[in-house]
Each structure stands twice: as structure tokens, then as C-alpha cells.
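Listed below, chain by chain, are the residues.
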There are 2 protein chains.
Amino acid sequence: MKLADIFFPFRADMNKIERELDRAIDTAEPVLQKTASHLLKAGGKRIRPVFVLLGGKFGAYDIERLKYVAVPLELIHMASLVHDDVIDDAELRRGKPTVKAKWDNKIAMYTGDYIFARALMIAAELTDPRIHRILSRAIVEMSIGEIEQIRDFNNWDQGLRHYLRRIRRKTALLIAVSCQLGAIATGAPDSAVRSLYLYGYNVGMAFQITDDILDFTGDEKTLGKPAGSDLRQGNITLPALYMHKQSTHADEFHRLAEDPAQIERVIEFVRNGEGLAFTQRLAERYLDRALAALDGLPAGRDRDALGKIARFIGERKF
Amino acid sequence: MKLADIFFPFRADMNKIERELDRAIDTAEPVLQKTASHLLKAGGKRIRPVFVLLGGKFGAYDIERLKYVAVPLELIHMASLVHDDVIDDAELRRGKPTVKAKWDNKIAMYTGDYIFARALMIAAELTDPRIHRILSRAIVEMSIGEIEQIRDFNNWDQGLRHYLRRIRRKTALLIAVSCQLGAIATGAPDSAVRSLYLYGYNVGMAFQITDDILDFTGDEKTLGKPAGSDLRQGNITLPALYMHKQSTHADEFHRLAEDPAQIERVIEFVRNGEGLAFTQRLAERYLDRALAALDGLPAGRDRDALGKIARFIGERKF
């Protein structure tokens, strides 16, 4: 089963979302037009819109309503990536230069602000106050998560709980909200809204944990950036954190990790260590929870699709 | 007539807004708590909340509703200042170190994001869809204005229209929206909403133009930053632009303006030139329009207060 097969029934609607994304960032301001369309063309899996549309299947599915949720969620995600790249000093994302690399940090800051503002403007077309409340709460959590990420750079004292809280804010919450808002926008019953939130949250956790594994196991070609990028930037993820905790020479470990001349050795050490298997088991535990959450939804093709996406995320190699 | 006299009837409600601002930024995240409360304590005139409350007088005045507009508008303004200070490399604002100076650019970026997100969360308590639509449109315009400001740094080719468009986005729009949303939140009649928007827009233009005059005529003590700060940062405002257009040695003029060793001479030249009087007349024209817009509102104490604020803005020295 490929992801494309799951997406097949949504092909026309996803094309529509793509066109709406294009329209959303359209502006007469030449710099913003260039930076925003650079971002849009750099691609991305568009998983947030996919989750919105799937969530919408549990209510009265209507792409003309769902687009007002799907487009803002993808834009909010994009805006957060532009600001993340400033924080991480990232030169590449998905194999393409980041906005901060191709232009500069200031332009990246305002490109993020602009895309974010456009997201809000589109979401404002929907009148259900729950949507605004849920969306704004998620954005607050994300912004706290981003500052936590700065604070936790090169912090080897953090524990598993710390790591989980950070990726919850960084990734899981917005995916949970994508599933949830798709359901709310189409008037799905409350029980479905709750199950979809729970499903999305657990899938999102698994997704980010898998990302953190792939950052070590992938190669530059599939990742679009050098392997071990997180650690190079001082962003300590679970595979490295586990190895550090297990190490009998913890001080030595993080001294090497902060030395650019030694970082390759540390990355190799993590690539060959047991941290990856431990992290993989954790991802699987979240996937199991995601699948269990699906029990709260009516059986059928749409629920099956959610199950398949969850399993795909567990197995993905990019 | 002092501003304090106009504000007197709102004293209790403005104290409430101040407490709500404090609560709004409260977070367990220690860095954000410090940066956000540093910003809040740095003060500010809180004119956006004042305009919200005054706008609310033309409907069924209710501070418990108005706070959901007044607090977000002040927070959005604060968030935009933090990002502005990054762009302008500003060390001081209101006599206190900026977030980017006291911490760094990255922390300033996320502090802005966080405060902005909190603003949205509070505004989400109101269910009138017009509020979200108006607010999000204003935010889009502001973000475009900010990138225009970067683009226009050291650009002496810009004309008056260019300058006006920039300050419209930078300042006038959010003040217009403050007056307008105060009225909408309290169910004021449409004609009052329109008049208040028009009043706010023109007051906002006059306010920013006056700011741009004071940046040259003020001293470091009243400004909280060195005189001529705008020009030092490459931000070309009307007094300097006018002198440049009138100059028979325009090339020489902007060469000197971009030379840190010569900038004091250029600032002196603007301080003693006719650009200030020209700019002052323009501010007065906007104030006249603001006062004319008040004709669309029912006569009485609240309309008088709006007139007094407009006149105060025309005469202010800080």
C-alpha cells in the first residue's frame, strides 16, 4: 500500500488545496511574492491538509468549507518552518535553500509573519468560534515550543518527558488539530471529533519521532539536508539523548557533540547505537495508540485510510 | 486639556486592561515570561485600548466584552514592535533596552510570535465573525508594511505617496481598527462603525506623521532614543524625504545620509529645514479629516473626547 493510493480519492481536492495555497500567498509586494512562492514550491508532504480532508469525511464532507481549514493549517506549518530555520541557522530544507539562506534572517522573519497573517485571514472566513479557539490555542503552544527548542539547544540534562513535551508542541498538536478541525468544520459528531483529535495527536508524535530517527538513518539525498542535522544544530533528539543517558562517559559525549571537528564521530556513534531501536519502539507505541483511537470512529473506508496512513508513517523512509 | 483628563472616566477600565495584559502574557516558560513582561513594563501610551474603549461608547459599553478586543490590539502592536526592533537593529525603545538588545534577535522573533499568538487566543473569545475578518486583514496589511519598510531602507527614490502607504500599514490601520472594533464589539450602529474607522484612520496617520517629526525635533530624554534614530537606521521619513527632494544636491545628500561619520550633519540639516513645517501641515490636514469624521457620530461627551484626543495628538511633544 502506497500513500498515493490512500490519497487517490482526494486527488482533485488536494489539487484544489494546492491552487488555494498559491492564491493565498499572492501579493503585489515583490519580495514577499518571491519568498512565499519559493517556500510553496519547495514542496512538503501536505499531510496537514490531508488530515483535514480525512477528518471532514466524518461530517458532511464539503471541500468548499474544508479549504478554509486545510489552507490555513498548511500555511501556519510553513510559517513556523521559516521561523524555525532562522533559529536553527538551517541552510537547506527539502534539498532547497531556506528563505533565511537565500535572502536573510530579517526577510525570513517577515515572510513567516506574512504567511501566518494570510492563514488567519483565510480561517476568518469560518464562523464557528470553536475553530478560532482551537487554532489560536495550538498556535500559542507552538510558539512556546519554539522558544523551548532554543532553550534546550545543547542541553543534555533533559529527560524523555522533556523531549516528548517539546515534540508535542512542535508537531503533534498541529496534526491533532488538523484532524479535529476537519471534523468540526463539517459538523461531525463530538465523539468523532474527540477520536480524531486523539488519533492525530498520537500519529503526530509518531511522525516527529520517526523524523528524528530518519535524521540519523537517512542520507543527504533522501533527507534534503546532511544526516545528523539536528545534532549539528544543537537540537538534541531522542536517539542521541538515549545514547547519552546510557553512556558511561556522558561528559565526554557531550563535549564531542559540541565540537564541530568531532561531531561526525558522535553521529556515527548514534547511527550504530541502540538509541535508534529504543526510539523506534516508542514511535510504534504512539502508532498503536493512534490505531486504538480509531475504534471511536464508524468503520469504513475513511477509517481504514486513517489506519493506513498511521502504518505508513511508522514505516516511512523519508 | 491634558490627556489624563480625557482618560479620567476610563481610569478603572484602563487599569483592568493593564491587569488583563499582565495575565495575557503569563506563562510557565521562563524566557518568555521575562521578555514579555520586560516589554509590558517598558510602558507605552496604550492608545489602542483607549480607542477601543472610546469606540465602545457608541454601542452598549461593556468592558467585559471590550477587553477581548482592547487586549489583543495592544498585544498585536507590542508584537509588531519586537519584530520591528529586529529589523531596525534598535537598541533602545522608550529609554529601555529592546528585547533584541537585551536578549537576541532569535529570542525577539519568538517573543513576538508568542505575544501575537496570545493576542489571537484572547480575540477568539469573541464570536462575531466580522471581528476576526477585520483583525486578520489588518494583520496582513501590517506584515506587508513591515517588509516594505525593509525594502525602502535607504531608498531615496520614494515619493510622498510611497511614504503615506507605508505609515498607513505601519500605524494608521491598527488605530482605525481599534476604534472600529470597539464599536462592533458593543453592537454600535453601522454608521458609527464607519465614522469611527475613518476617524481612527486619520488620527493614526496624524499620529505617525507626528512621530516622524518628533524623531527629529525631540531630544534623547523625551524620545527614549537618540534624535534622528529613523534616519540613522536608514528609515526615511517625510521630513528628510522632503529636504532631499528640495535639495539641489540630492546625490550628495543621500551619500552623506548613509555615511555614519556625516549623519549628524544631515540630521541637523533636517532639524533646521522646511521639511518639518511641511510635514506638520500634512499632519494637521489628517487631523482635520479626523475631526470631520466625528460629524457622523452622535454629539456628546464621548465624541468630544475623541476630538480632544485628535487635537492632543496634533500638539503632543512626546
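In what follows, the accompanying structure is described. (Residues numbered from 1 in each chain as written. Chains lettered and ligands numbered in written order. Predicted model: local features only at pLDDT ≥ 70, side-chain atom pairs only at ≥ 80, totals over all residues. Heavy atoms only, no water.)

**Comments concerning empty space enclosed by the protein**
The probe, sized like a water molecule, is rolled over the atoms to show the empty space still left.
Here is step 1: By the definition in use, this model includes 7 cavities of 30 Å³ or more.
Here is step 2: Taken as a whole, the largest cavity holds about 340 Å³ of empty space.
Here is step 3: In terms of lining residues, the largest cavity is bounded by 24 residues, among which A:His83, A:Asp113, A:Phe116, B:Asp113 and B:Phe116 are the most central.
Here is step 4: Among the elements of the structure, α5 (63-88), α7 (105-123) and α8 (129-151) of chain A together with α5 (63-88), α7 (105-123) and α8 (129-151) of chain B are those that each provide at least two residues to the lining of the largest cavity.
Here is step 5: In terms of residue class, the lining of the largest cavity is made up of 12 nonpolar, 8 polar and 4 charged.
Here is step 6: Its volume calculated, the second largest cavity comes out at about 180 Å³.
Here is step 7: Around the second largest cavity, the lining comprises 14 residues; the ones closest to its centre are A:Leu120, A:His132, A:Ser136, B:Leu120 and B:His132. (1 Å grid on protein atoms, 1.4 Å probe; cavity = no way out; pocket = protein on both sides within 12 Å on 5 of 7 lines; lining within 4 Å. Points joined across faces, edges and corners; volume = space filled by probe spheres on them. Helix = DSSP H or I, 4+ residues; strand = E, 2+ residues; numbered from the N terminus. Nonpolar A, V, L, I, M, F, W, Y, C, P; charged D, E, K, R; others polar.)

**Side note on the interface of chain B and chain A**
Here is step 1: Counting residues at the interface gives 40 residues for chain B, matched by 40 residues for chain A.
Here is step 2: Across the chain B to chain A interface the summed buried area is about 3700 Å²; carbon plus sulfur atoms make up 72%.
Here is step 3: Considering only the side of chain B, the residues that lose the most area to chain A are B:Lys106, B:Tyr110 and B:Ile147, jointly responsible for 19% of the buried surface there.
Here is step 4: There are 4 salt bridges connecting chain B and chain A. (Contact = heavy atoms within 4.5 Å. Buried area = accessible area lost by both parts, 1.4 Å probe. Salt bridge = Lys/Arg side-chain N within 4 Å of Asp/Glu carboxyl O.)

**A short note on the relation of the copies chain B and chain A**
Here is step 1: The transformation that overlays chain B on chain A combines an axial shift of 0.0 Å with a rotation of 180°, and the residual RMSD is 0.0 Å. The operation mapping one copy onto its partner corresponds to a two-fold rotation axis.
Here is step 2: A share of 100% of the interface residues of chain B reappears at the interface of chain A, consistent with the copies meeting face to face through the same patch. (Least-squares fit on C-alpha atoms with pLDDT ≥ 70 in both.)

**Here we look at the packing of aromatic side chains**
Here is step 1: Tallying each qualifying case throughout the model produces 11 aromatic pairs over all chains.
Here is step 2: Judged by centre distance (6.0 Å) and plane angle (70°), the rings of A:Phe51 and A:Tyr199 are edge-to-face. In this pair, A:Phe51 is assigned in helix α4 (residues 47-56) and A:Tyr199 in helix α10 (residues 190-217), connecting sequence segments 148 residues apart.
Here is step 3: The class for A:Phe51 is buried, based on a relative accessible area of 1%.
Here is step 4: Judged by relative accessible area, which is 0%, A:Tyr199 ranks as buried.
Here is step 5: Considering the side-chain rings of B:Phe10 and B:Tyr61, the 6.4 Å spacing of their centres and the 50° angle between planes classify their relative orientation as tilted. Of the two residues, B:Phe10 is situated in the loop between α1 (3-7) and α2 (11-24) and B:Tyr61 in the loop between α4 (47-56) and α5; the sequence distance between them amounts to 51 residues.
Here is step 6: Overall, B:Phe10 belongs to the buried group, its relative accessible area being 6%.
Here is step 7: Put simply, the rings of A:Trp156, A:Phe253 and A:Phe269 touch in pairs and so form one group of aromatic residues.
Here is step 8: Lying over the aromatic face of B:Tyr61, B:Lys57 brings its terminal NZ or CZ to 4.3 Å of the ring centre. (Phe/Tyr/Trp six-rings, centres within 6.5 Å; stacked < 30°, edge-to-face > 60°. Buried < 20%, exposed > 50% of the residue type's maximum accessible area, 1.4 Å probe, protein only. Lys NZ or Arg CZ within 6 Å of the ring centre and 35° of its normal.)

**Details of the side chain of A:Ser80**
Here is step 1: Tracing the chain through its elements places A:Ser80 in helix α5.
Here is step 2: Those residues within four positions of A:Ser80 in sequence are excluded, and the remaining contacts are A:Met142, A:Glu146 and B:Tyr110.

**Quick word on the packing of α4(A) against helix α17 (residues 301-315) of chain A**
Residue and element names in this part refer to chain A.
Here is step 1: In contact at an axis separation of 9 Å, α4 and α17 are set at 155° when each is read in the N-to-C sense. Here α17 runs roughly antiparallel to α4, going by the angle between their axes. Judged by the twist between their axes, the crossing of α4 over α17 is left-handed. Seen from α4, the contacting residues are Val50, Phe51 and Leu54; seen from α17, they are Asp302, Ala305, Leu306, Ile309 and Ile313.
Here is step 2: Broken down by class, the residue content of the contact of α4 with α17 amounts to 7 nonpolar, no polar and 1 charged. (Axes fitted to C-alpha atoms, helices over the stretch in contact; angles between N-to-C directions. Parallel < 35°, antiparallel > 145°, perpendicular 65-115°, else oblique. Left-handed = near helix turned anticlockwise from the far one by under 90°.)

**Side note on the layout of surface pockets**
All names here are of chain B.
Here is step 1: There is about 1200 Å³ of room inside the largest pocket.
Here is step 2: Lining the largest pocket are 50 residues; nearest its centre among them are Lys45, Arg93, Arg94, Asp211 and Lys225.
Here is step 3: The greatest single-element share of the lining of the largest pocket, amounting to 7 residues, is contributed by α5.
Here is step 4: For the lining of the largest pocket, the residue count by class is 18 nonpolar, 11 polar and 21 charged.
Here is step 5: The computed volume of the second largest pocket comes to approximately 980 Å³.

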